[in-house]
Amino acid sequence: MNRTGRAFWLNSPGQGEIREIALPDPAEGEVVVRALYSGVSRGTETLVFRGGVPESQHAVMRAPFQEGEFPAPVKYGYLSVGLVEEGPAQLVGRTVFCLYPHQTRYVVPASAVTVVPETVPAERAVLAGTVETAVNALWDAKPLVGDRIAVVGGGMVGCSVAALLARFPGVRVQLVDADPARAKTAEALGVGFALPEDALGGCDLVVHASATEQGLTRSLELLSAEGTVLELSWYGDRKVALPLGEAFHSRRLVIRSSQVGTVSPARANRTYADRLALALDLLADPALDALVTGESAFEELPEVMPRLASGEIPALCHRVRYPPRTSKSA
């Protein structure tokens, strides 16, 4: 059977195109997925789009089904939701999430897709990869009942972390961002909001996700003695300076990194599949719809991606909508 699809490729930093592709016939144990939606993670994907992945991080930053190499040409992305058209009987007709780039149809091992719970709309399921990052971060952070917590940086990851922390009993959670418009997002997620200069101090834990030097510095200032900053930001090839010569040592502060590429050692008995399944279950909460701040058609990606990268479109998660099925050719 002649199966075709269309995929978004980055030809060179700052310039992308949609390419027609031929799909392989699915082997035993593989599925054919027709994309319904995908998500653009504005932080990581726009960094890739600008060509900002350091050479030392090319291997670490590879997406599971990436084609090509950094900086370009490369097919990149990892937030895809689709419908299984062919494959094992228990999956055919099911809505699934897959860590796949922006492509209308694709063939992957059945083990690479996770069924979306019936309680989660397909259009919200594009957030699964980011909520999975937040789950891993909180496994690393180990927040306690009654903690005073700030999340500095109201982007897609920071807001996901704040949304999950809002469920913890007795905690004081404040989302901190330089953009006053994030106050509405914080309200929708059920957490407090403050501009950086107005943020509440005395924090036991600060989760930093602004990807700015100023944000990380402010995170340290908000800590109580012996408090911890959990660093989630990805800086690409930028250098960051910190005031570690001031009260950093006398207050015994901690900066700890977290990265979704490995399951947190705090949950060594959990698998990647366990973590993703949990993220999808958590997406039953409609409050998380606040993280999707824009939508466009797949065909518009070559024009939309530069606007996302420049900030002209001020998105958290930008959702990509795919055309309905018309034939076996996508």
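Residues numbered from 1 in each chain as written. Predicted model: local features only at pLDDT ≥ 70, side-chain atom pairs only at ≥ 80, totals over all residues. Heavy atoms only, no water.

> Summarise the pattern of salt bridges; cite the residues concerned and give the values.
For the structure on display, the rule yields 18 salt bridges. We note a salt bridge from Arg124 to Asp289, for which the minimum N-O separation is 2.8 Å. Pair noted here: Arg124 is in helix α2 (residues 122-125) and Asp289 is in the loop between α7 (272-282) and β16 (292-297), with a separation of 165 residues, a long-range link. Between Glu132 and Arg275 there is a salt bridge, and its shortest N-O distance comes to 2.9 Å. (Salt bridge = Lys/Arg side-chain N within 4 Å of Asp/Glu carboxyl O. Helix = DSSP H or I, 4+ residues; strand = E, 2+ residues; numbered from the N terminus.)

> Summarise the sheet that holds strand β13 (residues 203-208); cite the residues concerned and give the values.
Here six strands make up an open sheet; going across it, the order is β12-β11-β10-β13-β14-β15 and the pairing parallel. In the strand order of this sheet, the two ends are held by β12 (192-194) and β15 (254-257), each with one partner. When strand polarity is set aside, the average angle formed by the axes of neighbouring strands in this sheet is 25°. Direction of pairing for strand β10 (residues 148-152) relative to β13: parallel, over a ladder of four bridges. Looking at the pairing, Val152 lines up with His208 of β13. Sheet contacts for helix α3 (residues 128-141): β13, β14 (223-231) and β15; angle to β14, the most-contacted strand, approximately 145°. (Pairing = 2+ DSSP bridges. Axes fitted to C-alpha atoms, helices over the stretch in contact; angles between N-to-C directions. Contact = heavy atoms within 4.5 Å.)

> Describe the pairing of strand β8 (residues 105-109), and please don't skip the residues or the numbers.
Of all five residues in β8, four are buried; the element is thus mostly enclosed. Judged from the five bridges that link them, strand β3 (residues 30-41) and β8 form a sheet pairing that is antiparallel. Looking across to β8, one finds that Val32 is bridged to Val107. (Buried < 20%, exposed > 50% of the residue type's maximum accessible area, 1.4 Å probe, protein only.)

> If you had to explain the environment of Ala141 to someone new, which residues and values would you point to?
With respect to the helices and strands, Ala141 occurs in helix α3. Using a relative accessible area of 18% as the deciding quantity, one classes Ala141 as buried. Once the C-alpha coordinates of Ala141 and Gly192 are considered, the two residues, 51 residues apart in sequence, prove to be 20 Å apart. Apart from the residues within four sequence positions on either side, Ala141 is in contact with Leu205 and Leu230.

> Describe unusual backbone geometry, with residues and values.
The peptide bond linking Phe70 to Pro71 adopts the cis configuration, its omega dihedral lying at 0°. Mapping Pro71 onto the fold places it in the loop between β4 (67-68) and β5 (74-75). Note the cis peptide between Ala72 and Pro73, where omega equals -5°. Note that Pro73 resides in the loop between β4 and β5. Phi at Lys142 takes a positive value of approximately 55°, unusual for a residue other than glycine. Within the element layout of this structure, Lys142 appears in the loop between α3 and β10. Positive phi values are uncommon outside glycine, yet Arg252 reaches one of about 55°.

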